[in-house]
Amino acid sequence: AQSVTQLDSQVPVFEEAPVELRCNYSSSVSVYLFWYVQYPNQGLQLLLKYLSGSTLVKGINGFEAEFNKSQTSFHLRKPSVHISDTAEYFCAVSEAETSGSRLTFGEGTQLTVNP
Amino acid sequence: EAGVVQSPRYKIIEKKQPVAFWCNPISGHNTLYWYLQNLGQGPELLIRYENEEAVDDSQLPKDRFSAERLKGVDSTLKIQPAELGDSAVYLCASSFHYEQYFGPGTRLTVT
């Protein structure tokens, strides 16, 4: 079984400031890692994923994340945020090399970008 | 390419009434998922289909929830009877390999 902990439920930042959303996971097997974004009254959109290879992965909208196996973390970063980045962000894991396995999500982090 | 389609987007019913949600996955995606998202929480899996077969339904409350995926394409999730605690967003997703694509969800309000 897997579990995901998002360490901050809310993160307020000013426009053009850098941001980091923290995610730790626990699993007895190898996992794949994902970050999704959810805008109000919409479904989840995939920002980026880590399956294998380079531990630094780049996604859409200028976001990137770094997989740290020793610390079981997958923190999401953006060097300069925009008002439009205001949304709920979810970290998720799935069992590696098992196509179609379920996603286990964290509780979410509400990012609010203020002018 | 069309995304995952869900209907209705919103549904308000009285408790003890039945309700059904419909999902059309992305063409060619063999795996279909139904997730439940309570307010302020991350989604949780209810059921996963590989083609027509339900392969992971351990989280589905089978006393009142049922689902089907006839012909391995569209899927329907039903609740009968609905309870106040069923108020939530019901998300459908589909995948071909490791990436899951989500629909907009159905927001259910039980009064």
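Before any of the text, the structure's been laid out above.
The paragraphs below set out a description of the structure included in this document.

Basis of the calculations
Residues numbered from 1 in each chain as written. Chains lettered and ligands numbered in written order. Predicted model: local features only at pLDDT ≥ 70, side-chain atom pairs only at ≥ 80, totals over all residues. Heavy atoms only, no water. 1 Å grid on protein atoms, 1.4 Å probe; cavity = no way out; pocket = protein on both sides within 12 Å on 5 of 7 lines; lining within 4 Å. Points joined across faces, edges and corners; volume = space filled by probe spheres on them. Helix = DSSP H or I, 4+ residues; strand = E, 2+ residues; numbered from the N terminus. Nonpolar A, V, L, I, M, F, W, Y, C, P; charged D, E, K, R; others polar. Polar contact = N/O pair within 3.5 Å; in protein donor to acceptor, adjacent residues only side chain to side chain.

Observations concerning the layout of surface pockets
(1) Moving on: The space that makes up the largest pocket amounts to roughly 440 Å³.
(2) Moving on: Lining the largest pocket are 25 residues, with Gln38 of chain A together with Gln37, Leu39, Val89 and Arg107 of chain B sitting closest to its centre.
(3) Moving on: When contributions to the lining of the largest pocket are tallied by element, the ones reaching two or more residues are strand S10 (87–95) of chain A together with strand S9 (88–95) and strand S11 (106–110) of chain B.
(4) Moving on: Looking at the lining of the largest pocket residue by residue, the class counts come to 11 nonpolar, 11 polar and 3 charged.
(5) Moving on: Approximately 210 Å³ is the volume attributed to the second largest pocket.

What about the side chain of glutamine 6 of chain B?
Residue and element names in this part refer to chain B.
(1) Moving on: Along the chain, glutamine 6 falls in strand S1 (residues 5–7).
(2) Moving on: A polar atom in the side chain of glutamine 6 sits 3.0 Å from the backbone nitrogen of cysteine 92.
(3) Moving on: Among the polar contacts listed, one links the side chain of glutamine 6 to the backbone nitrogen of glycine 105, at a separation of 2.9 Å.

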